[in-house]
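Architecture and fold: a report
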Amino acid sequence: MMYSIVIFPSSKVQEVANSYRKRYDPGYALVPPYIRLKEAFELDEAKLSELVSHLEQVASSTDSFSAHFHRVSSFHPTTNVIYLAVQNKEPFNELHQKIANQCVNEKETYAYVPHLTIGRDLSDDELRDVTGQLSMAKIDLNSEIDRFHLIYQLEDGIWSVYQTFLLKK
């Protein structure tokens, strides 16, 4: 089964992200807006309890924190993804590292950059047009991050929460 580890930001941040995702993200209906901590990976059911135990340890040893989204950016030319950029990357990087250290041994496809995707699979022209428009938008969103989620993919492609892990207050 396919799994991933993500953070869902506050409903206010999700509303703003979804206002763009409806138009620019073909995965809009499959999963709510998220910040990925671990790329999607295949995991045997027999190893699930070991992963859950590891994630519980990570959560209990990690303080909650705030996220500030401050601008729209893209990963072009590597990939045609548009995202809301996180200003304070350090807490995300630390959490990603704690999870990745003992998580799945697969290599990540890309270097880890905490972000919230609002558009993907755009043509080069559409990407330039949309990023040009959105770069002028004033982005100033905050979200308290006090949990992360192990999610899994259903047969129809929709992602569902398997378990939620609360960070220290």
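Residues numbered from 1 in each chain as written. Predicted model: local features only at pLDDT ≥ 70, side-chain atom pairs only at ≥ 80, totals over all residues. Heavy atoms only, no water.

Turning next to the overall build of the protein chain. Each helix and strand in the protein chain was counted, giving four helices and eight strands. Shown N-terminal to C-terminal, the secondary structure of the protein chain runs as helices and strands in the order β-α-β-α-β-β-α-β-α-β-β-β. In terms of C-alpha radius of gyration, the protein chain reaches 16 Å, essentially the compact-globule figure of 15 Å for 169 residues. Summarising its shape, the C-alpha atoms of the protein chain cover approximately 45 × 35 × 25 Å along the three principal directions. Across the 169 residues in the protein chain, those meeting the buried criterion constitute 46%. (Helix = DSSP H or I, 4+ residues; strand = E, 2+ residues; numbered from the N terminus. Rg over C-alpha atoms; globule rule 2.2 N^0.38 Å. Buried < 20%, exposed > 50% of the residue type's maximum accessible area, 1.4 Å probe, protein only.)

With six of eight residues buried, strand β2 (residues 35-42) is to be regarded as a mostly interior element. The pairing of strand β1 (residues 2-7) with β2 spans five bridges and is antiparallel. Counterpart to I7 in the pairing with β2 is I35. (Pairing = 2+ DSSP bridges.)

Glancing now at the environment of A46. When you line up the elements, A46 lands in the loop between β2 and α2 (48-60). On the accessibility criterion, A46 (66% relative accessible area) is exposed. Along the chain, A46 and T78 lie 32 residues apart, while their C-alpha atoms are 36 Å from each other.

All right, on to the layout of surface pockets then. As a volume, the largest pocket reaches approximately 590 Å³. Y34, R36, H115, T117 and R120 are, among the 26 residues lining the largest pocket, the residues nearest its centre. Those elements that provide at least two residues to the lining of the largest pocket are β1, β2, β5 (115-119) and β7 (147-153). Tallied by class, residues from the lining of the largest pocket come to 13 nonpolar, eight polar and five charged. (1 Å grid on protein atoms, 1.4 Å probe; cavity = no way out; pocket = protein on both sides within 12 Å on 5 of 7 lines; lining within 4 Å. Points joined across faces, edges and corners; volume = space filled by probe spheres on them. Nonpolar A, V, L, I, M, F, W, Y, C, P; charged D, E, K, R; others polar.)

With that settled, the discussion passes to the packing of aromatic side chains. Applying the stated criterion across every chain yields a total of six aromatic pairs. Plain terms: the ring middles of F148 and F165 are 5.2 Å apart, the flat faces sit at 25° to each other, and that makes the pair stacked. With F148 in strand β7 and F165 in strand β8 (residues 159-166), this pair connects stretches of sequence that are 17 residues apart. Each of the two residues, F148 as well as F165, counts as buried. Each member of the aromatic cluster is reached from another via a ring pair, and the members are Y3, F41, Y152 and Y162. (Phe/Tyr/Trp six-rings, centres within 6.5 Å; stacked < 30°, edge-to-face > 60°.)

Turning to the pairing of β5, a few remarks are in order. Most of β5 is tucked away: five of the five residues are buried. In the sheet, strand β4 (residues 82-86) pairs with β5 via four bridges, with the strands oriented antiparallel. Within β5, the position partnered with I82 by the bridge is G119.

The subject of this paragraph is the nonpolar core. Residues I7, F69, L84, F92, I118, F148 and L150 are the most contacted members of the largest nonpolar core, which totals 41 residues. Top contributing element to this core by residue count: α2, with six residues. Here F69 is in contact with P9, V13, I35, L84, A85, V86, L116, I139, D140, L141 and S143, once residues within four sequence places are set aside. Counting residues in each nonpolar core, the second largest holds five residues, with V6, V31, I151 and W159 among its members. (Core = buried A, V, L, I, M, F, W, Y, C linked by side-chain atoms within 4.5 Å. Contact = heavy atoms within 4.5 Å.)

As for its placement among the helices and strands, S4 is situated in strand β1. Discounting residues that sit within four places of it in the chain, S4 has contacts with R36, K38, E39, A40, F41, H149, L150, I151 and W159.

What follows concerns the environment of M1. You can see M1 is positioned in the segment before β1. Residue classification places M1 among the partly exposed positions, given a relative accessible area of 41%. For the pair formed by M1 and Q153, sequence separation is 152 residues and the distance between their alpha carbons is 7.1 Å. Those residues within four positions of M1 in sequence are excluded, and the remaining contacts are F41, E42, L43, E45, Y152 and Q153.

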